[in-house]
Amino acid sequence: LFDGVYPFYLQQRKVSVFDVSTIIVIVVFLTFACSFLLIIPGIRGQARLYWTLRVLLSLIVGVVIVAVQFTGDWETGWVKANTSYKSFSRALVNADIGLHIGLAGVNVTLMGNPVNQVNETIDYNEHFAWSFDADYDHSYSEGLEKGLPSPILYVAEKFTTQSPCSMHRQYRISGHYASATLWVAFCTWLISNMLFSMPVLVYGGYMLLVTGAFMIFSLLSFSTVRKSLVCPIQFGTAVLHTGYGGSFWLTLAIGLLCFVAGITVVTLHYFSLDLLKTFFDLHEDKAEEYQEMTEVYVNPHFVNKGL
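Keep in mind that what you see is a predicted model, and the values were worked out from it rather than measured. (Residues numbered from 1 in each chain as written. Predicted model: local features only at pLDDT ≥ 70, side-chain atom pairs only at ≥ 80, totals over all residues. Heavy atoms only, no water.)

K.L.:
How should the UniProt feature "transmembrane region" (unreviewed entry) in the protein chain be read in this particular structure?
P.N.:
Per the UniProt record, "transmembrane region" (unreviewed entry) is annotated on residues 20-39, 51-71, 91-110, 177-196, 202-225 and 246-271. Across residues 51-71 one finds 81% helix and 0% strand; the C-alpha atoms that close the span lie 30 Å apart. Note that residues 91-110 is 0% helix and 80% strand, and that its end C-alpha atoms are spaced 16 Å apart. (UniProt positions renumbered as here; feature names shortened; annotations may be inferred. Helix = DSSP H or I, 4+ residues; strand = E, 2+ residues; numbered from the N terminus.)

K.L.:
Got a minute to help me understand the layout of surface pockets in this structure?
P.N.:
Any empty space left between atoms is shown by rolling a water-sized probe over those atoms. Reported here for the largest pocket is a volume of approximately 710 Å³. If you go around the largest pocket, you meet 26 residues; those closest to its centre are Arg 54, Phe 196, Leu 208, Phe 279 and Phe 280. Within the residue set of the lining of the largest pocket, elements represented by two or more residues are α2 (47-67), α5 (167-196), α7 (246-271) and α8 (273-279). Broken down by element, the lining of the largest pocket gets its largest block of residues, eight residues, from α2. Considered class by class, the residues forming the lining of the largest pocket number 19 nonpolar, six polar and one charged. (1 Å grid on protein atoms, 1.4 Å probe; cavity = no way out; pocket = protein on both sides within 12 Å on 5 of 7 lines; lining within 4 Å. Points joined across faces, edges and corners; volume = space filled by probe spheres on them. Nonpolar A, V, L, I, M, F, W, Y, C, P; charged D, E, K, R; others polar.)

K.L.:
Where do I start with the environment of Gly 102 in this structure?
P.N.:
Summarising the element assignment, Gly 102 is placed in the loop between β2 (92-101) and β3 (105-117). When its relative accessible area of 3% is taken as the criterion, Gly 102 is described as buried. Considered as a pair, Gly 102 and Gly 175 are 73 residues apart in the sequence and their alpha carbons are 7.5 Å apart. (Buried < 20%, exposed > 50% of the residue type's maximum accessible area, 1.4 Å probe, protein only.)

K.L.:
Which parts of the structure should I look at to understand helix α3 (residues 136-146)?
P.N.:
Along an α-helix, residues three or four apart share an orientation, since each turn contains 3.6 residues. Within α3 the residues assigned to the buried category are Tyr 136, Asp 137, Ser 139, Tyr 140 and Gly 143. Along the axis of α3, the buried residues cluster in a sector spanning 160°; they form a single face. Between the side-chain oxygen at the start of α3 and the backbone nitrogen of Asp 137 there is a gap of 3.2 Å, and the oxygen is on Asp 135. Note on α3: the residue one or two positions beyond its end, Gly 147, has a positive phi of about 75°. (Arc of directions from axis to C-beta. Polar contact = N/O pair within 3.5 Å; in protein donor to acceptor, adjacent residues only side chain to side chain.)

K.L.:
Hey, could you run me through the packing of aromatic side chains in this one?
P.N.:
The geometry of an aromatic ring pair is captured by two quantities: the separation of the ring centres and the angle between the planes. On inspection of all chains with the given rule, the structure shows 18 aromatic pairs. With centroids separated by 6.3 Å and ring planes inclined at 85°, the aromatic side chains of Phe 29 and Phe 32 adopt a geometry described as edge-to-face. Taken together, the positions of Phe 29 and Phe 32, both in helix α1 (residues 20-39) and three residues apart, correspond to about one turn of that helix. The exposure class of Phe 29 is buried, given its relative accessible area of 11%. Both rings, one in Tyr 154 and one in Phe 235, keep their centres 5.3 Å apart while their planes meet at 75°; by these two values the pair is edge-to-face. Of this pair, Tyr 154 sits in helix α4 (residues 150-157) while Phe 235 is found in strand β5 (residues 234-235), placing the two residues 81 residues apart along the sequence. Members of the aromatic cluster, each reached through a chain of ring pairs, are Trp 74, Phe 128, Trp 130, Tyr 136, Phe 159, Tyr 171, Phe 222, Tyr 244, Phe 248 and Trp 249. The ring of Trp 51 carries Arg 54 above its face, with NZ or CZ at 4.4 Å from the centroid. (Phe/Tyr/Trp six-rings, centres within 6.5 Å; stacked < 30°, edge-to-face > 60°. Lys NZ or Arg CZ within 6 Å of the ring centre and 35° of its normal.)

K.L.:
What's the story with the side chain of Thr 251 in this structure? I'm lost.
P.N.:
Looking at the element boundaries, Thr 251 is found in helix α7. If sequence neighbours within four positions are ignored, Thr 251 has contacts with Val 68, Trp 74, Leu 182, Met 215, Ser 218 and Leu 219. (Contact = heavy atoms within 4.5 Å.)

Structure, rendered in structure tokens:
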């Protein structure tokens, strides 16, 4: 202890929205996209545009389904307040306090206005995980030992298992089921791509509809938290309110895109099959299969015998 107060230790920070896992997912899908762009000049005619549109849209759906699993902005909130900075100290600081909730944990951000106050740099962003392979209470205890600023500990305490707010159980369970349904959506997305590579386009459209349905189910699972009572997070007279973040709305947009694409494929299958085959570059192959022969060679020996 330093004058009866825990000292502040340097520690590894975690960003509130992007982390290493998200960057890896984006890099992998960008690699697939760049590889396809290298071979796209080898596709002839109008099919080149159709291939580009199909592949890029499919990659966008896939990268969103996987990336939102690791983002931390499914629910976000900010508040500006005058609050105490350290325990056992009466010094007040003016700071922006942010709360970023993801499927696997919560990030608490503290940024001073200005950044340099009370002879220190107030710029913190701490991550507390609640996935099934992580111990949230242990992460919170480590924060206490490190001597994190009081606003961060106050917000993080709301999500501990001992808190009477029961926010930990609510968010942990809803995030778990939302993540599980998203992984199912990823599997159905893979199946839809396999079906689109075969002459069974209508079933690929059905699987796109299933993909969009599971993405919507994940949103419904996460939104159940909003229906329950949530303890207020107050700093004096200022209250930290949260709302759906970018990952939530991005998942909703991609889910609706899957619905639109799936309905379009199924509708074209029943009302304009030739147009659908042309878009998937199958019409030309079908035409060549039934193409009539221009020349016929007949053996005169069989003709003379009446065969």
